[in-house]
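Working through the structure, step by step
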Amino acid sequence: MTTAGTAAFHSVGDESPFGGADICREAGFDLPAGTRRPIFDDDLWDFTDVIGLPVQMPLHQRRFGFTAITDPRWRLVAKELVLALLAPRHPAVAPLPRAYRTALHLRTCAGRLAELSRFFHWLADQGLTSSLTQVDARCCEAYLAHRRYVLDEHGTVVGSQSPAVRRAAALVPIDLVNYRELFTADRPSDDLVPWKGATASAVAEMPNGRDENKTQPVEDSVLQPVLAAALYLLSALGPHAVTLAEDIREADRIGVRYARKASSRHGRKPPTQHPEAKITALLAEHERTNDPLPLLPDRHVADRIAKGWAANDPLVHVSLDLLARRAGLSQFSSRWLATLREPLEESLAKVGADREFGRNAASVAAADDNEAVPWTLPLHRLQAVALVGIVRTAAVIVLAAVSGMRSSELMELTVGCRRPPEEQAPGLTRYRLVSKVIKGQELGGIVDEWVVIEPAYRAVELIEQLHPDRREGATLLGRFAFDVRYRWFRNWVNSQAGQRLGLAPIPTGPVTLRRLRRTLALEMAYRPGGVLATKIHLKHIAVATTEGYSSRPGGAQAELLAEVNKHESDRNLQLVLDEFRNYQQGSLPAGPGARELTTFFASIDAQLDAVSASAPKTQRNDRDVLNLLTKRAKVLHLGPANYCWFTDPSRALCLKLAGTPTADRPLVGMCDSARCPQATHHSCHRPVWAEHAERTETFIGQLGTTRKIERNRLQADHDRALRVVAEIDAAGQSQPE
């Protein structure tokens, strides 16, 4: 292809065109002033301080270490390849016919380097160490087979690697061939064409992920208690956790301050006041205020007993070091114990001992029965820190569950990311968060806004209040392992602490940030029966997300809304298909629009029969039916107790009542499905109407004899509900004509 031009390429033994190059300058990376810049000849390229790297990117991927490749020739090959991937416009890279024309992300290059190192180690294990010219097509197949399976310590196959791993393995020889004219220390032979030129994705048998999202939603049985517990901790325990965090920081500041004082006095004349006198004065203050002495954590009690303390010693459970720090000393000296034992035991007998934090905790309403209980029991320091972390995790769960933000976008949030609430109308307030979109963007991402509902806004507010560094622009969440934090959260909810507050236990099941985003999209698409609606006004989420899409078409929320719309389309198609199958089985719809819908189903059935008669081998599968039902599915809207077939806006009762007959969507909240000519009732709606009839009957029975107007209104509502239930039952027993 470029035979005439290959003379300009380098030969084995030439000096590398990258020798002495500034890696960041060649790749276009910015570094803070004074930061050491990685050079091509270094065996460690440190990109830790590169400006604009996503917070989500772990530290180990920011450091490219080449020492794992022991052969110096192959180490140089790895450096030349990685820099070529980072700087495709370099004069030595641009002429290569098969080189990438767009720079790869630093995280992608880290993965390529890791797989390349693994490939070189595998070559050494196979004894192919003389030159890369020994690599042939059979060698490429062998390495791919080596990476295809998961082996145990005995070399037994226990599973298969993912297509992504296989693709990474296939890319190694392909990259070595595509860039071989660049390498100056060693290179594959000119006649090597791995897998006859097939792409790495084809070799790895990568599935086409455009049509199906493989991320599964969080199961309903798990999501319900998780969301309930997170919202409870956010609202009920959040303000108290902020106070607890301040108490922890203040206690730590006191400890550090006295430790510094003790360090500065080292080697000087001791203070004139004896330390025993300071501690005695502190004990008198405890007795005056009836404040318990600090209790020592159990693990330290065990250490004391192991060092010779008697298990029945009354002071073995008292934190003497903490008492010393409160008295202005760095720590408690064992020399003082003989003098202070008697006053210590006297104070202990009078005021007792308790954990340091959470004493006299305020009461909150329990989650299950609203009974007042202390929001926490007394805690040791590590327990208090853990509880603050649990409340913080609850806020993260709420934020992720109702905002639809990706993990990378959550980690880019900073202190001050909340925009002032905007009251667009009385009772209508909009809340906005500012973060960065990382996925699919250049280094540094792009700033974007998310329109969220109030619980998400309050979650960020709580996280800011719990943050130790509240300077504007400080990273709010940083890079965090959600799976670890969620596991701690679930364990706490299922522990005695969570059960004491009336929280429902959380069953075992996967909960990830991706699954939460996927769940939100599905619940918005399949409303109004979503699990999120049990605790959060799902309609508000839909409105907020739509506003976010409208204010920034193409922004981050646009992608979420596009996913929601696709799910809505899929949902409608499936619902129409289910009802058509019900029609074929003799279960007909009820309601004012039932005749029109039944007529439509009959026409579809007739078309299918005509096709079958003219072509006996044609099968009436779901795809054929869906093609005929697609137009009707586009006008389907879900009501809480009916289906709305919005075929003609001029006939919609809700639009007539609202005085907006030309609207392009129905006002489901104003729907009176018992009278609207475009509404139908189906068997799935029967429980709603039956429950409504039962509750209405209960209300009627509680009315006094003088409330005739209210009784008449409720009686008419009750009769209507019973009539709808009867119509659904009768239609379900009918047969299509």
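**Some thoughts on the overall build of the protein chain**
Along the protein chain, the regular secondary structure elements total 24 helices and 14 strands. Evaluated residue by residue, the protein chain yields a buried proportion of 45% over its 737 residues. Considering only contacts within the protein chain whose residues lie at least 6 apart along the sequence, 66% involve residues at least 24 apart. When the accessible area of the protein chain is evaluated, it comes to approximately 37,900 Å², of which 51% is carbon and sulfur surface.

**Topic: helix H14 (residues 454-466)**
When the terminal C-alpha atoms of H14 are compared, their 18 Å separation across 13 residues agrees well with the 18 Å that a helix rising 1.5 Å per residue should span. Within H14, burial applies to Ala456, Tyr457, Ala459, Val460, Leu462, Ile463, Glu464 and Leu466.

**Considerations on a nonpolar patch on the surface**
A cluster of nonpolar side chains, contributed by Tyr149, Leu151 and Val157, occupies part of the molecular surface with about 270 Å² of accessible area. Here valine 157 lies in strand E4 (residues 157-160). Accessibility expressed as a relative area gives 47% for valine 157, which makes it partly exposed.

**Looking at the packing of aromatic side chains**
Inspection of every chain in the model, using the stated rule, returns 18 aromatic pairs. For the pair phenylalanine 119 and phenylalanine 120, a centre-to-centre distance of 6.1 Å together with 45° between the ring planes defines the contact as tilted. Taken individually, phenylalanine 119 and phenylalanine 120 each receive the classification buried, so the pair is uniform in this respect. Ring centres of tyrosine 431 and tyrosine 457 lie 4.8 Å apart, and the angle between their planes is 45°; on these two criteria the pair is classed as tilted. Taken together, the residues span a long stretch of sequence, with tyrosine 431 in strand E10 (residues 428-437) and tyrosine 457 in helix H14 at a distance of 26 residues. Aromatic ring contacts, followed pair by pair, group Trp74, Phe119, Phe120, Trp122 and Tyr143 into a single cluster. Here the basic side chain of lysine 79 rests over the ring of phenylalanine 66, its NZ or CZ set 5.9 Å away from the ring centre. Across from the ring centre of phenylalanine 600, 4.3 Å away, lies the NZ or CZ of arginine 632, which sits over that ring.

**What to know about the state of the cysteines**
If you walk through the whole model with that rule in mind, you get zero disulfides. Note on cysteine 140: no disulfide assigned, nearest cysteine sulfur contributed by cysteine 139 at a separation of 5.8 Å. Here cysteine 140 falls in the buried class, since its relative accessible area comes to 1%.

**Quick word on the side chain of threonine 598**
On the secondary structure map, threonine 598 appears in helix H20 (residues 594-614). There is a polar contact of 2.8 Å between the side chain of threonine 598 and the backbone oxygen of alanine 594. In this view, threonine 598 contacts Tyr583 and Pro589; residues no more than four positions away in its chain are not counted.

**With respect to the confidence of the model for the protein chain**
A low pLDDT means the predicted coordinates there should not be read in detail. Per-residue confidence for the protein chain gives a mean pLDDT of 85; residues scoring 70 or more make up 88%. Taken as a whole, residues 1-7 scores under 50 in pLDDT and shows three contacts with residues more than four places along the chain or in a different chain. Segment residues 265-272 is flagged for pLDDT under 50; beyond a separation of four residues in sequence, or across chains, it makes two contacts in the model.

**Here we look at the nonpolar core**
Counting 73 residues, the largest nonpolar core has Leu233, Leu237 and Phe489 as its most contacted members. Examining the composition of this core, we find that 17 residues originate from one element, helix H7 (residues 220-264), more than from any other. Aside from chain neighbours lying at most four places away, what touches leucine 237 is Tyr232, Val364, Trp375, Val391, Trp492 and Leu501. Counting residues in each nonpolar core, the second largest holds 60 residues, with Leu31, Leu96, Phe119 and Val203 among its members.

**Looking at the sheet that holds strand E13 (residues 643-645)**
Strand order in the open sheet made by the three strands is E12-E13-E14, with antiparallel pairing throughout. Strand pairing shows two members of the sheet lacking a second neighbour, strand E12 (636-638) and strand E14 (679-680), which therefore form its edges. Summarising the sheet, E13 and E14 pair through two bridges and their orientation is antiparallel. Residue pairing across strands places cysteine 644 opposite alanine 679, the latter belonging to E14.

**Some thoughts on unusual backbone geometry**
A positive phi angle, close to 60°, is found at glutamate 205, a residue other than glycine. Here glutamate 205 shows up in the loop between helix H6 (200-203) and H7. In this structure glutamate 205 comes out as exposed when scored by relative accessible area, which is 53%. One non-glycine residue, asparagine 360, lies in the positive phi region at around 50°. Note on placement: asparagine 360 falls in the loop between strand E6 (353-354) and strand E7 (363-365).

**Description of the pattern of salt bridges**
Inspection of the entire model under this criterion finds 35 salt bridges. Taking the shortest distance from any N to any O, the salt bridge between glutamate 464 and arginine 418 comes out at 2.9 Å. Of the two residues, glutamate 464 sits in helix H14 while arginine 418 sits in the loop between helix H13 (407-411) and strand E9 (422-425), which places them 46 residues apart along the sequence. Of the charged contacts, one joins arginine 686 and aspartate 729 as a salt bridge, the two residues approaching to 2.6 Å between their closest N and O atoms. Placement of arginine 686 in helix H23 (residues 686-702) and of aspartate 729 in helix H24 (residues 708-732) is noted, with a sequence separation of 43 residues between them. Connected through shared salt-bridge partners, Asp672, Arg675, Asp717 and Arg720 make up one network.

**Structural notes on the packing of helix H3 (residues 106-125) against helix H5 (residues 163-178)**
Packing of H3 against H5 leaves a shortest axis separation of 9 Å and a crossing angle of 80°. Between H3 and H5, the angle is such that the two are roughly perpendicular. Residues Arg112, Glu115, Leu116 and Phe119 of H3 form the contact with H5, whose own contacting residues are Ala168, Ala169, Leu171, Val172, Asp175 and Leu176. Its residues assigned to classes, the contact of H3 with H5 shows seven nonpolar, no polar and three charged.

**Focus on the side chain of histidine 286**
On the secondary structure map, histidine 286 appears in helix H8 (residues 275-289). A relative accessible area of 3% means that histidine 286 is categorised as buried. Among the polar contacts made by the side chain of histidine 286, one reaches the main-chain carbonyl oxygen of aspartate 291 at a distance of 2.8 Å. Apart from the residues within four sequence positions on either side, histidine 286 is in contact with Asp291, Pro292, Leu293, Leu323, Arg326 and Val351.

**Details of the packing of H3 against helix H4 (residues 137-148)**
At their nearest, the axes of H3 and H4 sit 11 Å apart, and the two run at 115° to each other. One finds that H3 runs roughly perpendicular with respect to H4. Helix-helix and strand crossings are classified by hand; for H3 and H4 the assignment is right-handed. In contact with Glu115, Arg118, Phe119, Trp122 and Leu123 of H3, H4 contributes Cys139, Ala142, Tyr143, His146 and Arg147. Taken together, the residues of the contact of H3 with H4 sort by class into six nonpolar, one polar and three charged.

**Digging into the environment of arginine 515**
Relative to the helices and strands, arginine 515 is located in helix H17 (residues 513-525). Accessibility expressed as a relative area gives 21% for arginine 515, which makes it partly exposed. In this structure, the C-alpha to C-alpha distance between arginine 515 and valine 218, residues 297 residues apart in sequence, is 5.7 Å. Discounting residues that sit within four places of it in the chain, arginine 515 has contacts with Thr215, Gln216, Pro217, Val218 and Pro510.

Cut-offs and rules
Residues numbered from 1 in each chain as written. Predicted model: local features only at pLDDT ≥ 70, side-chain atom pairs only at ≥ 80, totals over all residues. Heavy atoms only, no water. Helix = DSSP H or I, 4+ residues; strand = E, 2+ residues; numbered from the N terminus. Buried < 20%, exposed > 50% of the residue type's maximum accessible area, 1.4 Å probe, protein only. Contact = heavy atoms within 4.5 Å. Areas by Shrake-Rupley, 256 points an atom, 1.4 Å probe, with all protein chains shown as cover. Expected span 1.5 Å × (residues − 1). Patch = residues over 30% accessible without salt bridge, like charges linked within 9 Å, V, L, I, M, F, W, Y side chains within 5 Å. Salt bridge = Lys/Arg side-chain N within 4 Å of Asp/Glu carboxyl O. Phe/Tyr/Trp six-rings, centres within 6.5 Å; stacked < 30°, edge-to-face > 60°. Lys NZ or Arg CZ within 6 Å of the ring centre and 35° of its normal. Disulfide = S-S within 2.5 Å. Polar contact = N/O pair within 3.5 Å; in protein donor to acceptor, adjacent residues only side chain to side chain. pLDDT = per-residue confidence, 0-100. Core = buried A, V, L, I, M, F, W, Y, C linked by side-chain atoms within 4.5 Å. Pairing = 2+ DSSP bridges. Axes fitted to C-alpha atoms, helices over the stretch in contact; angles between N-to-C directions. Parallel < 35°, antiparallel > 145°, perpendicular 65-115°, else oblique. Nonpolar A, V, L, I, M, F, W, Y, C, P; charged D, E, K, R; others polar. Left-handed = near helix turned anticlockwise from the far one by under 90°.

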